[in-house]
Amino acid sequence: FIRRNRPDVIINCAAYTNVDGCEVNHDAAFKANALGPRNLAQAAEKTGARLVHVSTDYVFSGRENGGVAQDEATIPGPISAYGSTKLMGEKYVEQFCHRHFIVRTAWLYSYYGKNFVKTMCTLSDKVAAGNLERVTVVNDQLGRLTFTHDMAAAIFHVLNTRAPYGTYDCTGSGAVKSWADIARTCFEAKNGNGDKVVPVSTADYYASAEGPVAPRPRFSALDLSKLEAVGFSMPDWERELEAYLDALD
């Protein structure tokens, strides 16, 4: 398809993103997260296309910089099958296509499909209706939300401005907070019941889980300096979330 149509740009958003599923479906994860990007990179190189490959904070353990945002030069250290296969995908893109942008992001949400924010709003409604007493959410995984609209704008910026090829971190800007903090914001905006969000540790949250549970990065904040240096500033994620929640009502 690529050789026949010869696109100028290929943007690869495809991945096997079931983080826990990757722990048992290694072959599927490897094919989607590593071999898929490799094939795209080889095709892009042969046809002269520029390749944008979306990657993830899961290439890190979250412990690399001791609570300081990881930048593009931080040496990855994935702790899950998902993170490992995504890192392989990055390496293949770097190896086989020199006209590439690797865009690392984290904690994505959008108007389409399922996401954490929509789930929290639904749970807030259930609590308000008396169908649920409270909700437990982890408080020891820290990061920033990323609105897909903002990430798309960043991608088109680096393409349209002919920014240098390479890896770019791309998340919402602003304060680093936990999933429990975000859940509480959603509950408050929806029904004023943020006190019904109970923070728990990751270990306690998954203590009774059935099946494999992949390790999660504890600190997912990424440094945005490189993206800002080429002229694009990601919006503050808390302001974006506020507007998003208003639009959902």
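Please refer to the structure higher up on the page.
Every value quoted in this text rests on a predicted model; they were computed, and no experiment measured them.

Reading the values: the criteria
Residues numbered from 1 in each chain as written. Predicted model: local features only at pLDDT ≥ 70, side-chain atom pairs only at ≥ 80, totals over all residues. Heavy atoms only, no water. Helix = DSSP H or I, 4+ residues; strand = E, 2+ residues; numbered from the N terminus. Rg over C-alpha atoms; globule rule 2.2 N^0.38 Å. Buried < 20%, exposed > 50% of the residue type's maximum accessible area, 1.4 Å probe, protein only. Contact = heavy atoms within 4.5 Å. Polar contact = N/O pair within 3.5 Å; in protein donor to acceptor, adjacent residues only side chain to side chain. Pairing = 2+ DSSP bridges. Axes fitted to C-alpha atoms, helices over the stretch in contact; angles between N-to-C directions. Phe/Tyr/Trp six-rings, centres within 6.5 Å; stacked < 30°, edge-to-face > 60°. Lys NZ or Arg CZ within 6 Å of the ring centre and 35° of its normal. Core = buried A, V, L, I, M, F, W, Y, C linked by side-chain atoms within 4.5 Å.

## Considerations on the overall build of the protein
Phase 1: Counting secondary structure elements, the protein contains 10 helices and 10 strands.
Phase 2: Relative to the 2.2 N^0.38 estimate, which gives 18 Å for 249 residues, the radius of gyration of the protein is 19 Å and therefore close to what a compact globule would have.
Phase 3: Expressed as lengths along the three principal axes of its C-alpha atoms, the size of the protein is roughly 60 × 40 × 35 Å.
Phase 4: Among the 249 residues that make up the protein, the fraction classed as buried is 46%.
Phase 5: Across the protein, every contact between residues at least 6 apart in sequence was considered, and the portion connecting residues at least 24 apart equals 83%.

## Side note on the side chain of threonine 74
Phase 1: Checked against the element boundaries, threonine 74 lands in the loop between strand E2 (50-56) and helix H4 (81-96).
Phase 2: Taking relative accessible area as the criterion, threonine 74 reaches 10% and is therefore assigned buried.
Phase 3: At a separation of 3.1 Å, a polar atom in the side chain of threonine 74 contacts the side chain of aspartate 71.
Phase 4: Excluding residues within four positions of it along the chain, threonine 74 makes contact with Phe60, Glu64 and Asn65.

## Description of the sheet that holds strand E8 (residues 166-169)
Phase 1: In space, the four strands of this open sheet follow the order E1-E2-E3-E8, with parallel pairing throughout. A strand with exactly one partner marks an edge of an open sheet, and here the two such strands are strand E1 (9-12) and E8. Across this sheet, the average inter-strand angle for adjacent strands is 20°, counted without regard to direction.
Phase 2: Across four bridges, strand E3 (residues 100-105) lies against E8 in parallel orientation. Within E8, the position partnered with isoleucine 102 by the bridge is threonine 167.
Phase 3: The sheet strands contacting H4 are E2, E3 and E8, and the helix crosses E2 at an angle near 160°.

## As for unusual backbone geometry
Across the chain, the bulk of peptide bonds are trans and the bulk of non-glycine residues have phi less than zero.
Phase 1: Not every positive phi belongs to a glycine, and tryptophan 107 is a case in point at roughly 55°.
Phase 2: Exposure remark for tryptophan 107: the relative accessible area of 10% places this residue in the buried category.
Phase 3: One non-glycine residue, arginine 162, adopts positive backbone phi at about 55°.
Phase 4: If you trace the backbone, arginine 162 turns up in the loop between helix H6 (148-160) and E8.
Phase 5: Looking at arginine 162, the relative accessible area reads 59%, which means it is exposed.

## Remarks on the packing of aromatic side chains
The description of an aromatic ring pair rests on the distance of the ring centres and on the angle between the ring planes.
Phase 1: Counted under the stated rule, the structure contains 12 aromatic pairs.
Phase 2: An angle of 25° between the planes, with centres 5.2 Å apart, marks the rings of tyrosine 109 and phenylalanine 147 as stacked. Within this pair, whereas tyrosine 109 is found in strand E4 (residues 108-109), its partner phenylalanine 147 is found in strand E7 (residues 146-147), the two being separated by 38 residues in sequence.
Phase 3: Residue placement shows lysine 226 over the ring face of tyrosine 168; its charged tip is 4.7 Å from the ring centre.

## Some remarks on the nonpolar core
Phase 1: Ranked by size, the top nonpolar core spans 24 residues in total, and within it Val117, Val137, Leu145, Ile182 and Leu241 carry the most contacts.
Phase 2: If you list the elements that add at least two residues to this core, you get helix H5 (116-128), strand E5 (135-138), helix H7 (179-191) and helix H10 (237-248).
Phase 3: Each residue touching isoleucine 182, except ones within four places of it in the same chain, is listed here: Trp107, Phe116, Leu145, Trp237 and Leu241.
Phase 4: Counting residues in hydrophobic clusters, the runner-up holds 16 residues, among them Ala154, Val158, Tyr168 and Met234.

It is worth stressing that arrangement in space is one thing and function is another; only the former is reported here.
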